[in-house]
Every structure is written in C-alpha cells, then in structure tokens.
Protein chains: 2
Amino acid sequence: MTEVHLRDALDTLKSTGVRITPQRHAILEFIIQSMSHPTADDIYKALESKFPSMSVATVYNNLRVFREAGLVKELTYGDSSSRFDFVTNDHYHMICDTCGKIVDFHYPGLDEVEHLASHLTGFEVSYHRMEIYGVCPTCKEHATKVQ
Amino acid sequence: MTEVHLRDALDTLKSTGVRITPQRHAILEFIIQSMSHPTADDIYKALESKFPSMSVATVYNNLRVFREAGLVKELTYGDSSSRFDFVTNDHYHMICDTCGKIVDFHYPGLDEVEHLASHLTGFEVSYHRMEIYGVCPTCKEHATKVQ
DNA sequence: TCTTTGATTATAATTGTTACAATAAGTATA
DNA sequence: TATACTTATTGTAACAATTATAATCAAAGA
C-alpha cells in the first residue's frame, strides 16, 4: 500500500520535471508511511539521523514542492504549526481536543452541501474541508480512570 | 441585533466574574459589528484612534478571555494569522481563494455526520467545522473581464 | 485608607516559516 | 570528458504572529 503510493508519487514528480533527491524521497516516504500527520519539525527530527546535514529549509521547500504537485495537503488547525497529510482518498479528520491526535474518518464527500452553498452564495466552489472535534477513546478512558 | 448580542455577551462576561473594561467593551463591539472576521491586528488598528495607548497584547489577552468564555471562535485557515468570529448560530464559512473574503453560509448542522463519525471511531464528539473554498462572484467576474 | 486582585502596557522572547546567498549536485551540450 | 547551465541543498538571517514577563495602573473590598 505504502509502496504503491510512494511509487505513484515519485512518478508524478518525475512527470512534472522535479528531481528526486534522497531528501525528497525520504520526506515523501515518511509522510506516506506516517499515520500521524506530521509537522515540518516532526519530519525534520525523524530524518536527522539519516540526513545529519539536512536543513529545516529543505523540509519546508520540499513540502511546498509536494503541495504544488498536489501530493500533499497542508492542514492548519488551532495549534501553532501546520501539519501535512498525504493526499489519498476522500476523508475527513477527527481531532482529539485532549491529546491532539488526528484520526482519518472516511465518508463520502458532501457534494450536495457544495452545490447548495454555491447556489446560495454565487461562489464557484472548488473544494471543502471538515474537521470533527471531540475526545478520543484513549483519553476518554483515561479521564474516567483518573477521576 | 448587534446591540442584543453585545448586551448578552457583556452579561456572560459579568456572570463569569470578568471585569468589563473600556478596551474589552470596544473589542467585543468591534467583533460583533464587523462582518469581516477580523484578525487581531485588524482589531488593534481599528481601535487605535479610540485607544491610542492600547497594547497589542491587550487585544490578544482579551481574545483569549472571550474565547474561554465561549463568546468568540478562533478560525485558523491557511493564512498566517488567526481570524476571530463572534459565536452566534450554526453557520459555515465560504472562503474565496482569490481575495480571501469569508462569507457566512447558513446550513443546518450536520448532526448525522457527527453521529456516524462517533460510531466509527469511538470519539466523544463535541463539535465540527467545515469550510468551503472557491472563487467569489466578484473575483469570478473580474477574472473573466480581465481575460 | 490600605490592601488585594485583576487589567493594561511596553517590551522582550519565542516560534514557525520564509528569504537569501553561497555551495553542491545533476543534466545537457559541445 | 570538459563546460556551461539548471536545480537543490544548506546555513543563516529576517520576519511576523503570538506569548511571556515585569512594571504600572485601576478597581473593589475590608
């Protein structure tokens, strides 16, 4: 699964004339394989043993490249730093208010909401996003136990 | 309408033991009366003629106070700074990718999505948010004209 | 009036991100 | 292979939004 995504992503990059450097390969691989929607700093820290001389600017540069190629989505929630998500299928995010964990939640796209919104406001709609907030099972259990 | 909201908001603050200072009054009034979802800096700039000595820290401090009192919602989109929205009824936001304008879009809350999400992931859901992106009528027209 | 608490101010510090210049690595062409 | 040319990386400086801190000020209670 991961390998397929990685191969596809590399193909996409190649087809747009973007060079595939070891750093790019590693960053992309990490985002795809990571289920945790990492921040730029997470990525930097995770790869610093493999690339001791890599600059944090490289991470940002390449995240922008990936974003422009449509491979990666930038998520901006309440916290201080952006998180990055490999683009696969339609899914929304559930966010735990207690521990900050982000979980994917698969659900068919809300096309009819887009249509209605477009009709009411005259916008030309391109996409939408939704996040659902709450307390994850782990934190819920922990809270009751501590009580 | 604005006055009712303002009075309610001030009551809420009073009931939680928060002092109502001239700065707080003005900030709150500005957010309620503003239809433009201002940033902290917008608020600071808008009020500096009325309060020449007001610090930007005061704006941030009080936005936090309002947020903790449930009066104001902090919106974090792609741009660099947060925007603040007075909490009224259920509505979503439509955002213009071209000019950044934010328009309210009234729509019944997607309760069934919350329920399904809760069922699938075990989260205890508290709320959700959704944003719809696209091009607003003004920018759309302008784009075709310029062409 | 005195004390205490809370709010504001001014400024320093922090943090995430971007810009920039220099160096390094690939790629293409002769 | 040698040469120029393009692109990527690095290190660091700059920036902008936000938060922390300490000092001053204002209000409320005893």
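Residues numbered from 1 in each chain as written. Chains lettered and ligands numbered in written order. Predicted model: local features only at pLDDT ≥ 70, side-chain atom pairs only at ≥ 80, totals over all residues. Heavy atoms only, no water.

Chain A carries the name Peroxide-responsive transcriptional repressor PerR in an unreviewed UniProt entry, which gives Psychrobacillus psychrodurans as its organism. Quoted verbatim from the Sequence similarities (unreviewed entry) field of UniProt, the annotation for chain A is "Belongs to the Fur family." Turning to chain A, the UniProt annotation filed under Subcellular location (unreviewed entry) states: "Cytoplasm". (UniProt positions renumbered as here; feature names shortened; annotations may be inferred.)

Engineer: Hey, could you run me through the UniProt feature "binding site: Fe cation" (unreviewed entry) in chain A in this one?
Structural biologist: Taking the numbering used here, the UniProt-annotated feature "binding site: Fe cation" (unreviewed entry) corresponds to His128 of chain A. In this fold, His128 of chain A is placed in strand 5 (residues 124–135). Look past the residues within four positions of His128 of chain A in its chain and what remains in contact with it is Tyr92, Leu110 and Glu114 of chain A together with Met130, Glu131, Ile132 and Tyr133 of chain B. At 2.8 Å, the side chain of His128 of chain A forms a polar contact with the side chain of Tyr92 of chain A. (Helix = DSSP H or I, 4+ residues; strand = E, 2+ residues; numbered from the N terminus. Contact = heavy atoms within 4.5 Å. Polar contact = N/O pair within 3.5 Å; in protein donor to acceptor, adjacent residues only side chain to side chain.)

Engineer: Any chance you could explain the UniProt feature "binding site: Zn(2+)" (unreviewed entry) in chain A here in plain terms?
Structural biologist: In the UniProt entry, the feature "binding site: Zn(2+)" (unreviewed entry) is given for Cys96, Cys99, Cys136 and Cys139 of chain A. For the annotated residues, spread through 44 residues, the largest C-alpha to C-alpha distance comes to 8.3 Å, consistent with a single compact locus. As for its placement among the helices and strands, Cys96 of chain A is situated in strand 3 (residues 91–96). Residue Cys96 of chain A is classed as buried on the basis of its relative accessible area, which comes to 2%. Residues contacting Cys96 of chain A, with those up to four places away along its chain left out, are Lys101, Gly134, Val135, Cys136 and Cys139 of chain A together with Phe123 of chain B. Positionally, Cys139 of chain A belongs in helix 6 (residues 137–146). Cys139 of chain A has contacts with Cys96, Thr98 and Cys99 of chain A, leaving out every residue within four places of it along the chain. (Buried < 20%, exposed > 50% of the residue type's maximum accessible area, 1.4 Å probe, protein only.)

Engineer: Explain the protein's contact with DNA strand D here, please?
Structural biologist: Surrounding DNA strand D, one finds 16 residues, the nearest of these being Thr21, Arg24, Ser53 and Thr58 of chain A together with Tyr60 of chain B. Here DNA strand D approaches the protein such that, of its atoms within 4 Å, sugar and phosphate make up 83%. At a separation of 3.0 Å, a phosphate oxygen of DNA strand D approaches a polar backbone atom of Ser82 of chain B. Of all the elements, helix 4 (residues 56–68) of chain A adds the most residues to the surface near DNA strand D, at four residues. Classifying every residue of the surface near DNA strand D gives four nonpolar, ten polar and two charged. (Near = heavy atom within 4 Å. Nonpolar A, V, L, I, M, F, W, Y, C, P; charged D, E, K, R; others polar.)

Engineer: Any chance you could explain the packing of helix 2 (residues 22–33) of chain A against helix 3 (residues 40–47) of chain A here in plain terms?
Structural biologist: Two numbers describe a pair of packed helices, the interaxial angle and the distance between the axes. All names here are of chain A. Here helix 2 crosses helix 3 at 115 degrees, and the two axes come no closer than 10 Å. Judged by the angle between their axes, helix 2 and helix 3 are roughly perpendicular. Crossing of helix 2 over helix 3 shows right-handed handedness. Contacts from Ala26, Ile27, Phe30 and Ile31 in helix 2 reach Asp42, Ile43, Ala46 and Leu47 in helix 3. (Axes fitted to C-alpha atoms, helices over the stretch in contact; angles between N-to-C directions. Parallel < 35°, antiparallel > 145°, perpendicular 65-115°, else oblique. Left-handed = near helix turned anticlockwise from the far one by under 90°.)

Engineer: Got a minute to help me understand the relation of the copies chain B and chain A in this structure?
Structural biologist: Relating one copy of the chain to the other takes a rotation about an axis and a shift parallel to that axis. The operation relating chain B to chain A is a screw motion whose rotation component is 179 degrees, with 0.0 Å of axial translation and a residual RMSD of 0.2 Å. A rotation of that kind, with that shift, is consistent with a two-fold axis. Scanning chain B for the C-alpha nearest the rotation axis identifies Met130 of chain B, at a separation of 2.1 Å. In this assembly, 100% of the residues forming the interface of chain B have copies in chain A that are likewise at the interface, indicating an isologous arrangement. (Least-squares fit on C-alpha atoms with pLDDT ≥ 70 in both.)

Engineer: Help me understand the pairing of strand 5 (residues 124–135) of chain B, please; the structure alone is not making it clear to me.
Structural biologist: In summary, the side chains of a regular strand alternate between the two faces of the sheet. Relative to strand 5 of chain B, strand 5 of chain A is paired through eleven bridges, and the arrangement is antiparallel. Along strand 5 of chain B, the bridge assignment pairs His128 of chain A with Ile132 of chain B. With four bridges connecting them, strand 3 (residues 91–96) of chain B and strand 5 of chain B associate as parallel partners. Residue Ile95 of chain B lies in a different strand from strand 5 of chain B, and its bridge partner there is Tyr133 of chain B. (Pairing = 2+ DSSP bridges.)

Engineer: Honestly, the protein's contact with DNA strand C in this entry has me stumped. Any pointers?
Structural biologist: Close to DNA strand C lie 17 residues, the nearest being Tyr60 and Ser82 of chain A together with Thr21, Arg24 and Thr58 of chain B. Among atoms of DNA strand C positioned within 4 Å of the protein, sugar and phosphate together represent 84%. In this structure, a sugar or linking oxygen belonging to DNA strand C sits 3.3 Å away from a side-chain N or O atom of Arg19 of chain B. One nitrogen or oxygen atom from the side chain of Asn62 of chain B is found 3.4 Å from a phosphate oxygen belonging to DNA strand C. If you tally residues by element for the surface near DNA strand C, the top one is helix 4 (residues 56–68) of chain B, at four residues. Class assignment of the residues belonging to the surface near DNA strand C gives a composition of four nonpolar, ten polar and three charged.

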